[in-house]
Amino acid sequence: MCGIVGHLGPMGSVDIVLEGLKRLEYRGYDSSGVSFINENGIINTFKKEGKLENLVQLLEDKDTASMISIGHTRWATHGGVNDTNSHPHSIENLSMVHNGIIENADILREGLIKEGYTFKSETDSEVFLIMVHSLMKSMPLGEAILKGFSQISGNSAFVFIHGEEKEIYAIRKSAPLVCGTHSANSHALVSSDAYALVGVADRIYFPEDNVLCHLSGKNKELISFYDTDGRPSKRYTSKVQSTQIDPSDKGDYEHFMLKEINEQSGLVRSLCQYYFEGDGSTFLNDIGKLRPSKFHISACGTAYYAGLVVKNFIEGINRIPCSTELASEFRYRNPIVNDGEVGLFISQSGETADTLACQEECVKLGVKTLSLVNVEGSSLYRGCDHNLLIRAGMEIGVASTKAFTQMGLTGRLLSFALNEKYTDKEARRELAAKVSLLADRMDEVLGRESEIKAIAEEIYNKKGYFFTGRNIYFPIALEGALKLKEIAYVHAEGYASGELKHGPIALIDEEMVNIAIVGPELKDKTVSNIQEIKARKGIIVSIGPEDDKNLKKMSDYFIGLNFDGLEELSPLYVNLVNQLLSYYMAKFKGTDIDKPRNLAKSVTVE
Ligand code: AGP
């Protein structure tokens, strides 16, 4: 999705904005641009199709000295990928960037053309710029933005700079927008992602929808907020932000994705500690008091597959029914949601448009809403009645790894909290010990990277891949296939082991690979499914109990695991093998693993 960064403060504003845009590259984009006000109050705008590096090169011989600038990385929605459609869009001494979609842009554009305006780009974004320019003929910029904003429909965030005023205005509706300040150093910033403000701002602000954010060096606080009536607004929250962390450091890893895969065992341990012994225990307590008759779980992509894992925990342990649906389907199918049921939304970013729409749907239907979310202060976090943070830390790799594991484990802790045994110290100790065992087993798998890499090297160039698994491993087959698709750009499907014979087995030949998850449960049935594939010359990579000699013998490649003691947590253990397998297959294919083509880290549009 599009990335927005705005800054005002000491000289060097353009460098700060470019650094912020670099931090947002992981979100996926296809062009970038920057506008800055020079010392004569003139706005200069430079923008370029392609990677951010193209913009940096364009600026190399330019005088970019400025104290106020805005920048943008565009993920094309309306209008093709080219320099003209890139943001910022400017007219005279006004410049603007946009993230989101203006659903009524065409009709608004017609009215502005009748007023005598012409448009340079094909974008919907430019319509809002021209609208505000037109409104400024009869009112100040801030009022013009509020008035114009009330006339557009769709989810959007806009950031403006104005040459004369030398100030920044920003506003959002159901699109990510955060502000930041470092009052000691006189910096004020705005972005679509708090991650861009790390290292510059020491306080982060989270404005609600339709709140006008005004960043100004003339204001001691550097930032003020206004409601649609123009009065000062209280509709924002803020928190202190450490300026120390530098998450842009990959450490010894070649890719963020590999770094994040390796962080998982430590994150698993600390998550359990947080909710059992730390500050999180109060949240778990509160949510444990919810006694829903049913959960409606909705999410997208990897988060949806994590939702299937969570469903298995809650239905298996608490015997509470869970309907788990793709958010893009749930939101439009007039779902049957009754009193006493709870909407459960799972999201790493907390900004996924389809998931947010499901949360809004459940609020309209009058039920309580609960999120498993990674980004505190995100739209989903602020919209839900209750939240359980998955505490995965910043996930930079577009292909989600550690967030999946943390979503699943947070779901397991939720199911524990819903259980009457929640206060039973022995039950709590037992679960904590199982989680610690999971972390230990994950460390063991992480120590076998070279073994998994060697298998990846053997199979990365085949025609297609079936990930299969039964029961609690079926979601892991689905997630494994998505990971491989996302980063290796190969066709892969996740299937229930027992389902291949109902058609897909027609695809099996010596160029097709079956990555078969064979858990201790239902092993014999799963092995017979593998035999059906082997009989048709499919290549078998099995992930199963390390002491199963028969399975090893019948497999072309075998990754033996120790499932003992993990029980319901073992899907999260097996998933780590799939993450490493996909990572190394992608590495052999030479793809852009952290920023795969066509993908965005957070899909904030439908
Ligand atoms: C996961 O690898 C993908 N990048 C994608 O499917 C992602 O899980 C999905 O877009 C949901 O994102 P969210 O967790 O931020 O809501």
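All values derive from a computational prediction rather than experimental measurement. (Residues numbered from 1 in each chain as written. Predicted model: local features only at pLDDT ≥ 70, side-chain atom pairs only at ≥ 80, totals over all residues. Heavy atoms only, no water.)

1. Remarks on the sheet that holds strand E15 (residues 294-299)
Then comes step 1: If you trace the 5 strands from one edge of the open sheet to the other, you get E16-E15-E17-E18-E19, paired in parallel fashion. Two strands in the sheet have a free side with no partner beyond their single neighbour: strand E16 (322-326) and strand E19 (386-389). Neighbour-to-neighbour, the strand axes of the sheet open up by a mean angle of 20°, direction not taken into account.
Then comes step 2: Two elements, strand E17 (residues 341-347) and strand E18 (residues 368-373), share 6 bridges in a ladder whose sense is parallel. (Pairing = 2+ DSSP bridges. Helix = DSSP H or I, 4+ residues; strand = E, 2+ residues; numbered from the N terminus. Axes fitted to C-alpha atoms, helices over the stretch in contact; angles between N-to-C directions.)

2. As for the pattern of salt bridges
Then comes step 1: All chains considered together, the criterion is met by 29 salt bridges.
Then comes step 2: Here Lys-62 makes a salt bridge to Asp-61, at a shortest N to O gap of 2.9 Å.
Then comes step 3: By relative accessible area, Asp-61 is classed as exposed at 63%.
Then comes step 4: Its salt-bridge partner being Glu-568, residue Arg-412 comes within 2.8 Å of it at the nearest N-O pair. Pair noted here: Arg-412 is in helix H13 (residues 402-417) and Glu-568 is in the loop between strand E24 (557-561) and helix H19 (570-589), with a separation of 156 residues, a long-range link.
Then comes step 5: A residue is classified by how much of its surface remains accessible, and Arg-412, at 8% relative accessible area, is buried.
Then comes step 6: Ionic contacts of the salt-bridge type, sharing partners, join the residues Arg-412, Lys-434, Glu-567 and Glu-568 into one network. (Salt bridge = Lys/Arg side-chain N within 4 Å of Asp/Glu carboxyl O. Buried < 20%, exposed > 50% of the residue type's maximum accessible area, 1.4 Å probe, protein only.)

3. Here we look at helix H1 (residues 13-24)
Then comes step 1: With 12 residues, H1 ought to run about 16 Å at 1.5 Å a step, and its terminal C-alpha atoms sit 17 Å apart, in line with that.
Then comes step 2: Looking at H1, one finds that the buried residues are Ser-13, Val-14, Ile-16, Val-17, Leu-18, Gly-20, Leu-21, Arg-23 and Leu-24. (Expected span 1.5 Å × (residues − 1).)

4. Focus on the pairing of strand E3 (residues 43-49)
Then comes step 1: Note: strand E2 (residues 31-37) against E3, 7 bridges, orientation antiparallel. If you follow Val-34 over to E3, its bridge partner there is Phe-46.
Then comes step 2: Counted between consecutive antiparallel strands, the loop separating E2 from E3 contains 5 residues, among which Gly-41 sits at a positive phi close to 80°.

5. A look at the site of the ligand
Then comes step 1: Looking at the ligand, there are 15 residues lining it, with Ser-347, Gln-348, Ser-349, Thr-352 and Glu-486 nearest.
Then comes step 2: The side chain of Ser-347 places a nitrogen or oxygen atom 2.7 Å from an oxygen atom of the ligand.
Then comes step 3: The side chain of Lys-483 places a nitrogen or oxygen atom 3.0 Å from an oxygen atom of the ligand.
Then comes step 4: When the ligand sits alone it has 410 Å² of accessible area, and the protein chains cover 91% of it.
Then comes step 5: Elements with a contribution of two residues or more to the shell around the ligand: helix H9 (301-318) and helix H16 (474-488).
Then comes step 6: Here the shell around the ligand is built from residues that sort into 6 nonpolar, 7 polar and 2 charged. (Near = heavy atom within 4 Å. Polar contact = N/O pair within 3.5 Å; in protein donor to acceptor, adjacent residues only side chain to side chain. Areas by Shrake-Rupley, 256 points an atom, 1.4 Å probe, with all protein chains shown as cover. Nonpolar A, V, L, I, M, F, W, Y, C, P; charged D, E, K, R; others polar.)

6. Things to note about the nonpolar core
Then comes step 1: Within the largest apolar cluster, 107 residues are counted, with the highest numbers of intra-cluster contacts made by Phe-295, Leu-344, Tyr-465, Leu-561 and Leu-580.
Then comes step 2: Broken down by element, this core gets its largest block of residues, 11 residues, from H19.
Then comes step 3: Residue contacts for Leu-580: discarding those within four places in its chain leaves Leu-258, Ile-261, Val-445, Leu-446, Glu-449 and Ile-452.
Then comes step 4: Counting residues in hydrophobic clusters, the runner-up holds 28 residues, among them Phe-119, Leu-135, Leu-141 and Leu-146. (Core = buried A, V, L, I, M, F, W, Y, C linked by side-chain atoms within 4.5 Å. Contact = heavy atoms within 4.5 Å.)

7. Concerning the sheet that holds strand E10 (residues 187-191)
The pairing of strands in a sheet happens through backbone hydrogen bonds and is either parallel or antiparallel.
Then comes step 1: Ordered in space as E3-E2-E4-E1-E10-E9-E11-E14, the 8 strands form an open sheet in which the pairing is antiparallel. Each of the sheet's edge strands pairs with one partner strand only, and the pair in question is E3 and strand E14 (236-240). Sheet twist, expressed as the average angle between the axes of neighbouring strands with direction ignored, equals 15°.
Then comes step 2: Direction of pairing for strand E9 (residues 178-182) relative to strand E11 (residues 203-207): antiparallel, over a ladder of 3 bridges. Considered in E11, the bridge of Thr-181 is made with Arg-203.
Then comes step 3: Lying over the sheet, H1 contacts strand E1 (3-8), E2, strand E4 (68-74) and E10, oriented at roughly 155° with respect to E1.

8. Some words on a negative patch on the surface
Then comes step 1: Taken together, the side chains of Glu-444, Glu-546, Asp-547 and Asp-564 present a region of like negative charge at the surface.
Then comes step 2: Relative to the assigned elements, Glu-546 resides in the loop between strand E23 (539-545) and helix H18 (549-554).
Then comes step 3: Owing to a relative accessible area of 48%, Glu-546 belongs among the partly exposed residues under this scheme. (Patch = residues over 30% accessible without salt bridge, like charges linked within 9 Å, V, L, I, M, F, W, Y side chains within 5 Å. Lys, Arg positive; Asp, Glu negative; His and termini not counted. Charge placed at Lys NZ, Arg CZ, Asp CG, Glu CD.)

9. As for the environment of Ala-516
Then comes step 1: Along the chain, Ala-516 falls in strand E22 (residues 512-517).
Then comes step 2: A relative accessible area of 0% places Ala-516 in the buried class.
Then comes step 3: In sequence terms Ala-516 and Ile-396 are 120 residues apart; their C-alpha atoms lie 29 Å from each other.
Then comes step 4: Every residue in contact with Ala-516, bar those within four places of it in the chain, is listed here: Thr-468, Ile-530, Val-541, Ser-542 and Ile-543.

10. Describing the side chain of Thr-591
Then comes step 1: Its location among the elements puts Thr-591 in the segment after H19.
Then comes step 2: For Thr-591, a relative accessible area of 15% puts it in the buried group.
Then comes step 3: For Thr-591, the side chain forms a polar contact with the main-chain oxygen of Ile-487, separated by 2.5 Å.
Then comes step 4: Excluding residues within four positions of it along the chain, Thr-591 makes contact with Ile-487, Ala-488, Tyr-489 and Ala-586.

11. Concerning unusual backbone geometry
Then comes step 1: Pro-88 follows His-87 through a cis peptide bond whose omega is 5°.
Then comes step 2: Topologically, Pro-88 is positioned in the loop between E4 and strand E5 (89-91).
Then comes step 3: The phi torsion at Asn-210 lies on the positive side, around 65°, for a residue other than glycine.

12. A closer look at the packing of aromatic side chains
Then comes step 1: For the structure on display, the rule yields 16 aromatic pairs.
Then comes step 2: Look at Phe-466 and Tyr-495: their rings are 5.8 Å apart centre to centre, the planes differ by 75°, and that puts the pair in the edge-to-face class. One end of the pair, Phe-466, is in strand E20 (residues 464-469); the other, Tyr-495, is in strand E21 (residues 492-496), and 29 residues separate them in sequence.
Then comes step 3: On the basis of relative accessibility, which here comes to 23%, the residue Tyr-495 falls in the partly exposed class.
Then comes step 4: Here a set of aromatic residues connected by ring pairs shows up, and it is made of Phe-128, Phe-149, Phe-158 and Phe-160.
Then comes step 5: If you follow Arg-109 out to its NZ or CZ, it ends over the ring of Phe-119, 5.7 Å from the centre. (Phe/Tyr/Trp six-rings, centres within 6.5 Å; stacked < 30°, edge-to-face > 60°. Lys NZ or Arg CZ within 6 Å of the ring centre and 35° of its normal.)

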